[in-house]
Amino acid sequence: MPAWAAALVGLVAGAVALGVSWLVAGLVKASAFPVLVVGDSAVDLSPSWLKEWAIRTFGEADKIVLLSGVSVVLAALAAGIGILASRDLRYGHAGLAVLGAIGVAAALTRPGAGLADTLPVLAGVAAGMVALSRLTRRALASGSDSPRPPTGGAPERRPAAGAEEPDHVLRPSVMRAGEDLRSFDRRGLLTGLLGGVAVAGVAGAAGRLLSGGAEVDAARVGLALPTPAAPAGPVPAGSDLKIKGLSPFFTPNRDFYRVDTALIVPQVDPGDWTLRIHGMVDRPIELTFADLVKRPLVEADVTLCCVSNEVGGPYVGNARWLGARLSDVLREAGVRKDADMLLSVSADGWTCGTPLDVVMDGRDSLLAIAMNGEALPVDHGFPARQVVPGLYGYVSATKWVTEIKVTRFDRDQAYWTPRGWAAKGPIKTQSRIDLPKSGASLRPGRTVIAGVAWAQHKGVDAVEVRVDRGEWRQARLAEAPTADTWRQWVLDDWDAVPGTHTIQVRATDATGYTQTSEVTAVAPDGATGWHTVEVTVA
Ligand SMILES: Nc1nc2c(c(=O)[nH]1)N[C@H]1C(S)=C(S)[C@@H](COP(=O)(O)O)O[C@H]1N2
Ligand SMILES: [Mo]
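Computed from a prediction, not measured in an experiment: that's the story for all the values here.

1. Topic: the nonpolar core
Ranked by size, the top nonpolar core spans 77 residues in total, and within it Leu292 and Trp321 carry the most contacts. When residues of this core are assigned to domains, at least three map to each of domain 2 (253–419) and domain 3 (430–537). If you look at the next biggest cluster of nonpolar residues, it comprises 23 residues, including Val20, Ala139, Leu189 and Ala203.

2. A short note on the site of ligand 1
Near ligand 1 there are 19 residues, and of these Tyr257, Thr261, His380, Arg385 and Lys399 occur at the shortest range. A distance of 2.6 Å separates an oxygen atom of ligand 1 from a polar atom in the side chain of His380. Side-chain polar atom of Lys399 to an oxygen atom of ligand 1: 2.5 Å apart, as the coordinates give it. The fraction of the free accessible surface of ligand 1 (530 Å²) that becomes covered by protein chains is 98%. Residues that form the shell around ligand 1 fall into these classes: 9 nonpolar, 5 polar and 5 charged.

3. Digging into the pairing of strand S6 (residues 351–355)
Both faces of the sheet carry side chains from a regular strand, because those side chains alternate between them. For S6, the buried fraction is high: 5 of the 5 residues fall into the buried class. Note that strand S5 (residues 341–346) and S6 share 5 bridges and pair antiparallel. Its bridge partner lying in S6, Val345 is registered against Thr351.

4. Side note on helix H9 (residues 186–210)
Over its 25 residues, H9 runs 36 Å from end to end, which matches the ideal 36 Å to within 8%, given 1.5 Å per residue. Regarding H9, the residues found buried are Gly188, Leu189, Gly192, Leu193, Gly196, Ala200, Ala203, Gly204 and Gly207. Summarising the contacts, the buried residues of H9 are in contact with helix H1 (3–28) and helix H6 (119–139).

5. Thoughts on the packing of aromatic side chains
All chains considered together, the criterion is met by 12 aromatic pairs. Pairing Phe256 with Tyr257 gives two aromatic rings, centres 5.4 Å apart and planes at 20°, and the pair type is stacked. One aromatic cluster is present, formed by Phe256, Tyr257, Tyr315 and Trp321 through successive ring pairs. Positioned above the aromatic ring of Tyr415, the side-chain terminus of Arg419 is 3.8 Å from the ring centre. If you follow Lys424 out to its NZ or CZ, it ends over the ring of Phe409, 4.7 Å from the centre.

Conventions used here
Residues numbered from 1 in each chain as written. Chains lettered and ligands numbered in written order. Predicted model: local features only at pLDDT ≥ 70, side-chain atom pairs only at ≥ 80, totals over all residues. Heavy atoms only, no water. Core = buried A, V, L, I, M, F, W, Y, C linked by side-chain atoms within 4.5 Å. Buried < 20%, exposed > 50% of the residue type's maximum accessible area, 1.4 Å probe, protein only. Domains from an automatic or database assignment. Near = heavy atom within 4 Å. Polar contact = N/O pair within 3.5 Å; in protein donor to acceptor, adjacent residues only side chain to side chain. Areas by Shrake-Rupley, 256 points an atom, 1.4 Å probe, with all protein chains shown as cover. Nonpolar A, V, L, I, M, F, W, Y, C, P; charged D, E, K, R; others polar. Helix = DSSP H or I, 4+ residues; strand = E, 2+ residues; numbered from the N terminus. Pairing = 2+ DSSP bridges. Expected span 1.5 Å × (residues − 1). Contact = heavy atoms within 4.5 Å. Phe/Tyr/Trp six-rings, centres within 6.5 Å; stacked < 30°, edge-to-face > 60°. Lys NZ or Arg CZ within 6 Å of the ring centre and 35° of its normal.

Structure follows, in structure tokens:
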């Protein structure tokens, strides 16, 4: 069999393996799909610098890039396995077994994994082996089934040298396969490959249907949001300056940044969801979604921010959240005096460590079920997530939260802590220039400079702007309903003259602290420095 055909056999056998494992993953647990499990493990095992580089370079496309990379590697391996199998089927099977072993190891080391999580890999490898042997045999079918070519006959039948071979023309199956590919059956291979692709496609599609995304979407859309017991106060009229190009006061859900370690978003049915609160408490609690929704719900406007947000970066957004007060639920459970940390766990096993004193100090720390007037989008934690004003997301904002263990920082560690991030993550006062955009070409004359600034739970008191390292000038601040949200700001009388210009911003919070000019990296506890943009005026 020529190498290209063997490689195709490998690719299709690989597709069958993945299709069948997707089907079985749909039956057992969608997140057990081997490609995702291996991708998840790769994310967890890769060093922090690599993860930071990936987030910096690919931004929110990092997951797509990772999965594409895994797919390319898998395709290359499958093609190689096909070539091995064409030499000796046992080599091909051994190759599949090695991939399967990697998949099983990855599946078993995921948080909360059980033996059932290995079924998709095992089924996929078995299906891949069957497909590989059948396709390889099919491709060689005419070689074994059709009459032997004359030159392959027994010595006594071999014609004398130079003699004609009259029966050659009577053997169409040999002609069909071509002179140099005597035992290779193109048509057998083609029908086999098509059959394999069909099996892979049907199994994969069934797996997709079974993995439950559709049901969860339906449950989400059908959810009636209760009226809040404590509605948010009216948003002051001047909170949104409505300047084109400036971040709106409320970030629409579809534009809200997304950061998490989930390669596929956990699909959690609110009918099955529970939240278990245990650990250093007097009375462990288990809440159903119905229990949560029945509680008096609070509305709060809170600006969420990621510790990985570079100065001037996009990982910050403001929303109106609706949820139950986390402190009330914890008080019912009876938190012990010596506890100082909440270790929350998501449906997919991610963990987050939140300082208990911050949650209990009276701020609007929520178990949120809605965002900007609709049920939480699945990407943002449906059916329930934490929101704590003033803490970076990695230490506070657990999405798809299913468990809260009351514990101590000296006893437990959350996901990011051993990976080089600070155990506690209060948000640093920051400001960003939205207008003009960095690198913009502007006309001379009066030009609007505008942006947002945040110092959650402290409040932004002042924003200053300077051009070409000249005098700092006070920007005009928009209103903000509470200290927990960002504030828009604007300086609308900059007289832009031709040339290149550097615009910088810095905020001062209500504690009197002014942003430092010192530039630090996002790790371990958030970037510092002044956002700086360069523009050209001509
Ligand atoms: N389950 C889960 N929740 C999570 C994370 C995660 O990886 N998994 N990432 C956190 C981080 S780092 C941030 S910044 C916020 C982002 O929330 P968003 O995606 O809704 O903007 O979610 C937090 N909650
Ligand atoms: Mo984050």
